[in-house]
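Here's the letter readout for the chains.
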Amino acid sequence: MRVRSSFFASFCLVLEVLSVALFLRGFFPVPVKSSFSSKSKLSDLPDEPFTGSSPNLSKVPDPIFKRVVIVLIDALREDFVFGPNGRKYMPYTRHLVERGSTHSFVAKARPPTVTMPRIKALTTGSIPGFIDVVMNLNSPALLEDNLIWQAKMAGKRMVFYGDDTWVKLFPKHFMEYDGTTSFFVSDYTEVDNNVTRHLDNTLKRDDWDILILHYLGLDHIGHISGPHSSLIQPKLMEMDDILKKIHGSLILKETEGALPYLLVLCGDHGMSETGSHGGSSAHEVNTPLVLISPAFKRKVGMEKPPTIEQVDLTPTLALGLGLPISQNSVGRLIQPVVEEASLRDQLRFLHLNGHQLSCLLKDSMPAYEKEEGYEQFRVAEKSHGNWLKLVVEGNTSEVLNNMGKKVLKQYLEALRVMSAALSKQMGKYDMYSMVVGVVLVFQLLLLLLLAMPEALSGASEVDLPVSSALLSLPFYLLCLLLFSVHMLVCTSAESACYFCSLPWGLVFGAVALSSALLCILVSMAARKGAKPPGKSPSRASGGGWSLSELDILLLAGTAGHTLSLSASSFVEEEHQVWYFLLNTLCLVVFQDVCRKYFRERSANIGVIGCSEDKDCLPPSKEGYAVASPLTDLGVTGADSERWLALATPLLTLACCRLLRSLNQTGVQWVHLPDLGHWLNSSEHKTVLSLLAAMSLALIYFLVQRRCSWVSKIALALGLLGVYSYRAAVGNVVLPWQHSGGNMSKGTMKARFVYVFILGIFFTGSKDLLRSQVITADARLKSRGLWEIYSGVVLLVALLFRAHNLPVLCCCLLVQSLMAQFIWKKLHYDAAQTTIMHYWFGQAFFYFQGNSNSIATVDISVGFVGLESYVEAPAVFLTALSTYAGPLLWASHLICYLSSENRIGSG
């Protein structure tokens, strides 16, 4: 059955998206949540365990704190407070940590370390899933049981100022609030001033019980210039002064005999070495937690803060305020907070926490009774009942006190084990759904590779043996086999499986699709082996269809990379796979160049002609094949062409090695210093400025050759504007500017560049439309495409950070050299060229410093030229900058193939 290439590509694209979605559904497990729709109530709290028939003496525990103030500093790393620079950054806070009535901890946040999931974790005690990263852009109201809802139901009066994510998650919960947008990262001053301006008036009042302040300025500075920026210390000192003001006000309002206050200093997540967050590195997950209250003992010196889970704050605050613990909380009570209470109250708090965790364990694990933590809790609960009976009977011996301490340890161990078991639920993958998704993706990939030469041919059609595959006996046998495997897996699976929960009709369709794809692949492979595919010079002539070394590498490398994605370690370090494949590709291309220019030269010396079974170029006067002159680069002569062709793979290897040193990426070695960090340091700003200027000049030289004179002028002025913008924001310096000049947002200079980008796009679009509507001019169409491509290059140059401009420069250089000396001269077909472009695009994605962690997404580029947060352009610019490498290589492929078709038809 012959189908159009466009229909075939659309069909494969839809199936690829569905297969990837199925894989992701299994890879990102659903968060642990209780199946009960109702929320916890004080009336539902269990009685104290009591052995015997006597009535229970206590049901609802008394609150520990009267008022709670939570100061949440976005992206506050633990070393900003507890590290060597803590005394310099936050002197008052560090003094409280060392000498005050405080408890200090390193609170470990679970990935994804993004604001909205972390707020959900702090208020619900649960571990959000990675789907919350997407929801972070537009947070819906939180319907899950949470601390804020419990406080409202208990009549607590709450006031909030800061990140408007809280207002979206908890609408109508706060008595008074003022939200500020968290996405406009260019602003790190007003966003905090809008919070602080309410403090003086609020601290004087007595009409609130809980005050929450969420400061965003530190996070925005990190996104703009990283954790080692000169802006970090002034911002942290500002936060320290705010904490001092709040603490002083709480001390003045403290009255004799009243319940004490609690002041909480914490961060929602940390900050990576590049200033971003979202991943699982130590700097991103480790945040400081400082609890300040007169109810605590005064410290006598600096102690190493212990590590706890960030979700442990939720049950601690709930019990401290006399509220029920949220149903879905997996956190455990921070025991030092209640250590000054009586032993009976401490055991009561731990019993309530253990009861809540055991209920969640029952609801989420079928075999909960076999869980070690559940058994330990039951033992501790029984021991608690025996101890309480002796206390009620009036026994006050030391043995009883030791027995109570033993029960406390049993509770703590049971809480630890149950909390760990519930947290591990997040790591249980749906392996069956993942395997089905990977198999479908792999089959579709092989289908695309086998059909690509035919799809990219002049006929633009693909001959698929659908009828023969569907009418063959192996198809029906495969359907029966795969359906049997499906029934076996679904009936024996211990945990829930998404693919097993689908309707039988969809499952049978997926089974039939996989069986048909396998039969079609076998038929296409057999057909390729039976007859030659055409005139491709890279194929060996003769009766059969043989693959060259390059074909084998491209097929094996692409398939091998797909298979490697089934291992998490290969996903984390995927850049290493692409670097290896790209280096190998350069060596194979170098071998092809040597064969062409040395074998053909020896074969063509003298008057020896080409044999009939070889596709040779006519010999020149010098005795070897000569291709067209390189007028674009000003290179003449076959000798120069030969040596430049030989140097191209080696120069590409050198560029790749240089770019690998520019940005460390991945997970294992991302913390190691790289050339980018060295260039971005203040003492090397002059070197960075020279490198950026040279890169922009070379970018202009490489891009302008195929543009009209109008686009050339716009491109030159636009690149000058790019340098001026980087100088305005303080990344580089102008010759007449001192390195310590004032920084600005550079909004007008960025908009100046946008004008030239739009002008280039307009010129290219005009040429493209003229070639399609007015005159069928292939040359005009090609020029229009190249002009649009130059506009994309200028936009990418504006969005790239200064130290990444060499990445763009090397990208364009490799494209020009490969197009001029390799793809054209070695007569590589469209399929080979397309796969090579794909490989280069993936490699340059990682050369930019990207990885498969969302922590490497630079959201600050989404606000280049913007004075306020506008969602559509911010998302577009961020995505464009992140995927600039693959986009540039895909765009170059379209332009290159269009030019080659024009030359071939001319």
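Basis of the calculations
- Per chain, the residues get numbers from 1 upward, laid out in the order the sequence is written.
- In view of the model being predicted, local features appear only for residues whose pLDDT reaches at least 70, and side-chain atom pairs are presented and counted only at 80 or more, with totals across whole chains, interfaces and linings using the full set of residues.
- In computing side-chain properties, one takes all heavy atoms of the structure into account and sets aside hydrogens as well as water.
- Here, a disulfide means two cysteine sulfur atoms that sit within 2.5 Å of each other.
- Buried, partly exposed and exposed residues are distinguished by accessible area as a fraction of the type maximum, computed with a 1.4 Å probe on protein chains only: under 20%, between the cut-offs, and over 50%, respectively.
- Secondary structure elements follow DSSP: runs of H or I no shorter than four residues count as helices, runs of E no shorter than two count as strands, and numbering proceeds from the N terminus.
- Any two residues whose heavy atoms approach within 4.5 Å at even a single point are treated as in contact.
- The pairing test for Phe, Tyr and Trp rings, Trp by its six-membered ring, is centres within 6.5 Å, and the orientation test on the planes gives stacked under 30 degrees, edge-to-face over 60, and tilted for anything in between.
- At least two DSSP bridges between two strands are required for those strands to pair.
- What counts as an axis is a line fitted to C-alpha atoms, over the stretch in contact for a helix, and the angles between N-to-C directions run from 0 to 180 degrees.
- By definition here, a salt bridge exists when the distance from a side-chain nitrogen of Lys or Arg to a carboxyl oxygen of Asp or Glu is within 4 Å.
- Each residue gets a pLDDT score, which is the predictor's confidence in that residue and runs from 0 to 100.
- UniProt positions are given in the numbering used here, feature names are shortened, and annotations may be inferred rather than shown by experiment.

### A look at the state of the cysteines
A complete count under the given rule lists one disulfide for this structure. Between Cys 810, a cysteine without a disulfide, and Cys 655, which holds the nearest cysteine sulfur, the sulfur-to-sulfur distance is 4.1 Å. Taking relative accessible area as the criterion, Cys 810 reaches 9% and is therefore assigned buried.

### Quick look at helix H11 (residues 217-225)
Burial analysis of H11 places seven of its nine residues in the buried class, the great majority of the element. All of the buried residues along H11 are Gly 217, Leu 218, Asp 219, His 220, Ile 221, Gly 222 and His 223. Residues of H11 that are buried make contact with strand S2 (67-73), helix H2 (79-82), helix H9 (190-196), strand S6 (210-215) and helix H12 (232-252). Count one or two residues on from H11 and you reach Gly 226, which has phi positive near 90°.

### Side note on unusual backbone geometry
Here the residue pair Pro 111 and Pro 112 is connected by a cis peptide bond, since its omega of 5° sits within 30 degrees of zero. Residues other than glycine seldom take positive phi values, yet Lys 172 does so here, at roughly 65°. Turning to its location among the elements, Lys 172 is positioned in the loop between helix H8 (165-169) and strand S5 (176-180). Residue class for Lys 172 comes out exposed when judged on its relative accessible area of 76%. Backbone geometry places His 827, a non-glycine residue, at a positive phi of 55°. When you line up the elements, His 827 lands in the loop between helix H32 (805-823) and helix H33 (830-847). Residue classification places His 827 among the partly exposed residues on the basis of a relative accessible area of 35%.

### What to know about the packing of aromatic side chains
For the structure on display, the rule yields 21 aromatic pairs. When the centroid spacing of 5.8 Å and the interplanar angle of 40° are considered together, the rings of Phe 844 and Trp 889 count as tilted. With Phe 844 in helix H33 and Trp 889 in helix H35 (residues 884-905), this residue pair connects regions lying 45 residues apart in the sequence. Exposure class is identical for Phe 844 and Trp 889. Each is buried. Ring centres of Phe 845 and Tyr 883 lie 5.5 Å apart, and the angle between their planes is 15°; this geometry places the pair in the stacked category. Taken together, the residues span a long stretch of sequence, with Phe 845 in helix H33 and Tyr 883 in the loop between helix H34 (871-882) and H35 at a distance of 38 residues. Connected via pairs of aromatic rings, a cluster forms that spans Tyr 579, Phe 840, Phe 844, Phe 847 and Trp 889.

### What about the sheet that holds strand S7 (residues 261-266)?
Taken together, eight strands build an open sheet; the order of strands is S5-S4-S6-S2-S7-S8-S3-S9 and the sheet is mixed. Of all the strands in the sheet, the pair left with one neighbour each is S5 and strand S9 (307-309). Strand-to-strand twist of the sheet, defined as the mean angle between neighbouring strand axes without regard to direction, takes the value 20°. Two strands pair when backbone bridges link them, and strand S3 (residues 102-108) and S9 are joined in this way by three bridges, in the parallel orientation. Among the inter-strand pairings, Lys 108 is bridged to a residue of S9, identified as Glu 309.

### Description of the pattern of salt bridges
A side chain with one charge can pair with a side chain of the opposite charge if their charged atoms come near. Tallying each qualifying case throughout the model produces 23 salt bridges. A salt bridge links Arg 110 to Glu 309; the shortest N-O distance between them is 3.3 Å. Of this pair, Arg 110 sits in the loop between S3 and helix H5 (115-124) while Glu 309 sits in strand S9, and the two are 199 residues apart along the sequence. Overall, Arg 110 belongs to the partly exposed group, its relative accessible area being 27%. Put simply, Arg 205 and Asp 207 hold a salt bridge, and the shortest N to O gap is 3.1 Å. Among the charged side chains, a network of salt bridges with common partners joins Arg 2, Glu 461 and Asp 463.

### What to know about the confidence of the model for the protein chain
When the pLDDT values of the protein chain are averaged, the result is 84; 87% of them are 70 or greater. Confidence scores differ between elements of the protein chain, with helix H6 (residues 131-135) showing the lowest mean pLDDT of 56 and S6 the highest of 96. Long-range and interchain partners of residues 532-545, a stretch whose pLDDT sits below 50, account for 26 contacts in this model, where long-range means more than four residues apart. Confidence drops under pLDDT 50 across residues 606-636; counting only partners more than four residues distant or on other chains, this segment forms 44 contacts.

### Some words on the environment of Phe 845
Judged by relative accessible area, which is 8%, Phe 845 ranks as buried. Aside from chain neighbours lying at most four places away, what touches Phe 845 is Asn 850, Ser 851, Thr 882, Tyr 883, Gly 885 and Pro 886.

### A short note on the UniProt feature "transmembrane region" (unreviewed entry) in the protein chain
UniProt marks residues 7-28, 431-452, 464-489, 501-526, 686-703, 709-729, 750-768 and 788-814 with the feature "transmembrane region" (unreviewed entry), using the numbering shown here. For residues 431-452, helix accounts for 100% and strand for 0%, while the C-alpha atoms at its two ends are 31 Å apart. Helix and strand shares over residues 501-526 are 92% and 0% respectively, and the end C-alpha atoms of the span are 37 Å apart.

### Thoughts on the environment of Leu 213
Within the secondary structure, Leu 213 sits in strand S6. With relative accessibility at 0%, the residue Leu 213 sits in the buried group. Residues Leu 213 and Ile 70, 143 residues apart in the sequence, show an inter-C-alpha distance of 6.2 Å. For Leu 213, the contacting residues outside a window of four places in its chain are Ile 70, Val 71, Leu 72, Tyr 161, Val 195, Leu 199 and Ile 246.

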